[in-house]
Amino acid sequence: MKVRPAALIIENEKILTMRYRYGSTDVYALPGGNPDPGESLTEALQRELREELGVATEVQEMVLCGEVLLGGSPKDTLHTIFRARLLGGTPGLDPEHTTALELVWVPRAELGTRRMYPHVGKYLQRYLEGNLPMLYLGPIAQPYVAE
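Residues numbered from 1 in each chain as written. Predicted model: local features only at pLDDT ≥ 70, side-chain atom pairs only at ≥ 80, totals over all residues. Heavy atoms only, no water.

## Quick look at the side chain of threonine 77
- For threonine 77, the location among the structural elements is in strand β5 (residues 77-88).
- Look at threonine 77 and you get buried, because its relative accessible area is 4%.
- A polar atom in the side chain of threonine 77 sits 2.7 Å from the backbone oxygen of lysine 75. (Helix = DSSP H or I, 4+ residues; strand = E, 2+ residues; numbered from the N terminus. Buried < 20%, exposed > 50% of the residue type's maximum accessible area, 1.4 Å probe, protein only. Polar contact = N/O pair within 3.5 Å; in protein donor to acceptor, adjacent residues only side chain to side chain.)

Given below as structure tokens:
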């Protein structure tokens, strides 16, 4: 199972996401990536944000975690989402480090209606409202799989 840390970055009631296109479907993901050997989750997240978006960040508390299980596939992934704060730089995509098409600041109220990977928009809304009773979600019901 892979582990993927991601950042919940909020500015002006909007959440920073990266838009991908799978077939004819737009999919939004929180910025993040995979740890290199010997790298902690927070170190990996800071590196990925620096490489992909050109920003310095402070990684804060973990918001939630849960698995996307694809029947024992090597693509099974434990997703960990941390709150993060921008310290420097303006987010912009570096095509050498990401296949995302664009950055999209999604209004907080729209998180539950966007097609996200992993499918955690409603949980993020509950967290932001102060109504998320737990951090570990267990398996995340994923209505589609990003190829």
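Anyway, onward from the coordinates.
## A closer look at the nonpolar core
- The biggest cluster of nonpolar side chains holds 22 residues, and the ones touching the most others in it are Leu8, Leu64, Ile81 and Leu124.
- Those elements that provide at least two residues to this core are β1 (2-11), β3 (25-29), β4 (56-68), β6 (102-107) and α2 (121-128).
- Apart from the residues within four sequence positions on either side, leucine 64 is in contact with His79, Thr80, Ile81, Val120, Tyr123, Leu124, Leu132, Leu135 and Leu137. (Core = buried A, V, L, I, M, F, W, Y, C linked by side-chain atoms within 4.5 Å. Contact = heavy atoms within 4.5 Å.)

## Thoughts on the pattern of salt bridges
- A full pass over the atoms with the stated rule returns 10 salt bridges.
- With a closest N to O distance of 3.2 Å, glutamate 13 and arginine 108 form a salt bridge. Pair noted here: glutamate 13 is in the loop between β1 and β2 (14-22) and arginine 108 is in the loop between β6 and α2, with a separation of 95 residues, a long-range link.
- Classification of arginine 108 by relative accessible area gives partly exposed; the value is 26%.
- What you see here is one network of salt bridges that share partners, running through Asp36, Glu39, Arg47, Glu48 and Glu51. (Salt bridge = Lys/Arg side-chain N within 4 Å of Asp/Glu carboxyl O.)

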